[in-house]
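The residues making up each chain are set out below.
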Amino acid sequence: MSDQPLVVVLGASGFVGSALVTELAGRDVRLRLVARRPAVVPPGHAAEAEVRTADLTGAGQVAEAIAGADVVVNLLLYTGGGTWRAAEDESPGERVNVGVVRDIVAAIRAERRDGPPPVVLFPGSTSQVGPRPEARIDGTEPDAPVTAYDRQKLAAERELKAATAEGLLRGVTLRLGTVFGGRVSPTATDRGVVTTMVRRALAGEPLTVWNDGTAERDLLYVGDVAGAFLAALDHADSLAGRHWLIGTGGGRSVRDIFTTVAATVAARTGAPAVPVVSVPAPPDATGMDFHSVVADPAAFRAVTGWQARVPFREALERTVSSLIRGDEVPL
């Protein structure tokens, strides 16, 4: 049997999962890529890779998927309605966003073996903190989530912290800002707000801002997110048992983001920039939709040296070009 560490990526065919697999494939590791759809292994990869398809919400599926793992990266996300807002349908969202983490803990407990406890990496959200008067957060704030999605993310995070305190595993949660980017594999689709607006602009449709659009968002390019997970893997012992904020440290208003999207698409296509118009917020809008969140990643950077490297405009241009061509974009 190979003595290379086994890294299992759950949700490997997804948007962030595909970006992370692209980076991991160049490492001296064994990869097990698990998802509902077959994950794509980059050509010329150095890693030994096994691809599995599975519905990880089924009984016993998680234990089978992570058997023997030295590292588990859980990137599953409930998207039954096409976006993260589908998690507001509490029951199925809870099964994916929390239940799978509980299954991971239970499987590791049942498989206890000699050697260091497995590393478990998990993506949280900067919005777990809930509405606050200050836009900038550093990870020390008390959490007061107001959406089902954020409550589920927080519950899963707490499961990992408790299992870490028990010595069962080394859990690290990376609370992410707003992630976006072009397609990094045939199976990976970004359903986030930035890429949604790029698609609308390419179709010549107006971009709609709820109310005045002054709330700020911290935008993260998907390649930088993959880099953050690699950094967490490399510094797991120092990071275990806590959550860490992953962001650029800078915010942009939603209106400015959409206006920049419209201008970038126009420059790329030669068509006039589509208008950005204000509309009333829909009934399903939440308190977080109107509060600014800007993540200070200083604590994570101090441990790992990671920082976001792709500026917003460059990341946006890559995303627009990828969607126009309909192909994959390098990280």
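Cut-off values and rules
- Residues numbered from 1 in each chain as written.
- Predicted model: local features only at pLDDT ≥ 70, side-chain atom pairs only at ≥ 80, totals over all residues.
- Heavy atoms only, no water.
- Helix = DSSP H or I, 4+ residues; strand = E, 2+ residues; numbered from the N terminus.
- Expected span 1.5 Å × (residues − 1).
- Buried < 20%, exposed > 50% of the residue type's maximum accessible area, 1.4 Å probe, protein only.
- Contact = heavy atoms within 4.5 Å.
- Pairing = 2+ DSSP bridges.
- Axes fitted to C-alpha atoms, helices over the stretch in contact; angles between N-to-C directions.
- Phe/Tyr/Trp six-rings, centres within 6.5 Å; stacked < 30°, edge-to-face > 60°.
- Lys NZ or Arg CZ within 6 Å of the ring centre and 35° of its normal.
- Polar contact = N/O pair within 3.5 Å; in protein donor to acceptor, adjacent residues only side chain to side chain.
- Salt bridge = Lys/Arg side-chain N within 4 Å of Asp/Glu carboxyl O.
- Parallel < 35°, antiparallel > 145°, perpendicular 65-115°, else oblique.
- Left-handed = near helix turned anticlockwise from the far one by under 90°.
- Nonpolar A, V, L, I, M, F, W, Y, C, P; charged D, E, K, R; others polar.

Overview of helix α10 (residues 312-325)
Right, so step 1: Given a rise of 1.5 Å per residue, 14 residues ought to cover 20 Å, and the 20 Å separating the end C-alpha atoms of α10 matches this to within 8%.
Right, so step 2: Those residues of α10 that sit buried are Phe312, Ala315, Leu316, Thr319, Val320, Ser321 and Ser322.
Right, so step 3: Next to the buried residues of α10 lie β8 (178-180), α5 (193-202), β11 (219-221), β13 (252-253) and α8 (254-269).
Right, so step 4: The first or second residue beyond α10 is glycine 326, which carries a positive phi of 75°.

Describing the sheet that holds strand β7 (residues 170-176)
Right, so step 1: If you walk across this open sheet you meet the seven strands as β3-β2-β1-β4-β5-β7-β12, and the pairing is parallel. Strand pairing shows two members of the sheet lacking a second neighbour, β3 (48-53) and β12 (242-246), which therefore form its edges. On average, each strand axis in the sheet is tilted by 20° relative to the strand beside it, whichever way the strands run.
Right, so step 2: Running at roughly 160° to strand β1 (residues 6-10), helix α1 (residues 15-24) makes contact with β1, β2 (30-35) and β4 (71-74) of the sheet.
Right, so step 3: Against the sheet, helix α6 (residues 222-234) touches β4, β5 (119-125), β7 and β12, its axis set at about 155° to β7.

Notes on the pairing of strand β9 (residues 207-210)
Right, so step 1: Of the two faces of β9, the one lined by Leu207 and Val209 is fully buried and the one lined by Thr208 and Trp210 carries no buried residue.
Right, so step 2: Here four bridges tie β9 to strand β14 (residues 276-279), and the two strands are oriented parallel to one another. Bridged to valine 209 within β14 is serine 278.

Points about the packing of aromatic side chains
Right, so step 1: Evaluated as defined, the whole model comprises four aromatic pairs.
Right, so step 2: Ring centres 5.9 Å apart and planes at 65° place the aromatic pair phenylalanine 300 and tryptophan 306 in the edge-to-face group.
Right, so step 3: Its relative accessible area of 1% is what places phenylalanine 300 among the buried residues.
Right, so step 4: For tryptophan 306, a relative accessible area of 7% corresponds to the buried category.
Right, so step 5: Here a set of aromatic residues connected by ring pairs shows up, and it is made of Phe180, Tyr221 and Phe312.
Right, so step 6: Arginine 242 extends its terminal NZ or CZ atom over the ring of tryptophan 244, reaching a point 4.0 Å from the ring centre.

What to know about unusual backbone geometry
Right, so step 1: Residue asparagine 211 is not a glycine yet carries a positive backbone phi of 55°.
Right, so step 2: Within the element layout of this structure, asparagine 211 appears in the loop between β9 and β10 (216-217).
Right, so step 3: On the accessibility criterion, asparagine 211 (38% relative accessible area) is partly exposed.

Notes on the side chain of serine 18
Right, so step 1: Counting through the fold element by element, serine 18 comes out in helix α1.
Right, so step 2: Classification of serine 18 as buried rests on a relative accessible area of 5%.
Right, so step 3: A polar side-chain atom of serine 18 sits 2.8 Å from the main-chain carbonyl oxygen of glycine 14.
Right, so step 4: Not counting the four nearest positions on each side in its chain, serine 18 is found in contact with Ala12, Ser13, Val184, Ser185, Thr187 and Ala188.

Focus on the pattern of salt bridges
Right, so step 1: Counting across every chain of the model gives 19 salt bridges.
Right, so step 2: Between glutamate 166 and arginine 109 there is a salt bridge whose closest N-O contact spans 2.5 Å. Here glutamate 166, found in the loop between α4 (148-165) and β7, pairs with arginine 109, found in helix α3 (residues 90-110); they are 57 residues apart in sequence, far enough to count as distant.
Right, so step 3: By relative accessible area, which is 41% here, glutamate 166 ends up partly exposed.
Right, so step 4: Taking the relative accessible area as the measure of exposure, arginine 109 reaches 38% and is therefore partly exposed.
Right, so step 5: The salt bridge involving aspartate 256 is made with arginine 252; its shortest N-O contact spans 2.9 Å.
Right, so step 6: One network of salt bridges, in which partners are shared, links Asp143, Glu157, Lys161 and Arg175.

Section: the environment of valine 254
Right, so step 1: Within the secondary structure, valine 254 is located in helix α8.
Right, so step 2: As for valine 254 and proline 43, which are separated by 211 residues in sequence, their C-alpha atoms are 37 Å apart.
Right, so step 3: If we skip the residues at most four places from it in the chain, valine 254 touches Gly213, Ala215 and Arg217.

Some thoughts on the packing of α1 against α6
Right, so step 1: α6 packs onto α1 with a crossing angle of 60° between their chain directions and a minimal axis gap of 9 Å. Comparing the axis directions of α1 and α6 gives the class oblique. In the packing of α1 onto α6, the handedness of the crossing is right-handed. In this structure, α1 contributes Phe15, Val16, Ala19, Leu20, Glu23 and Leu24 to the contact, and α6 contributes Val222, Val225, Ala226, Phe229, Leu230 and Leu233.
Right, so step 2: The residue makeup of the contact of α1 with α6, split by class, is eleven nonpolar, no polar and one charged.

These values are about where atoms sit, not about what they do.
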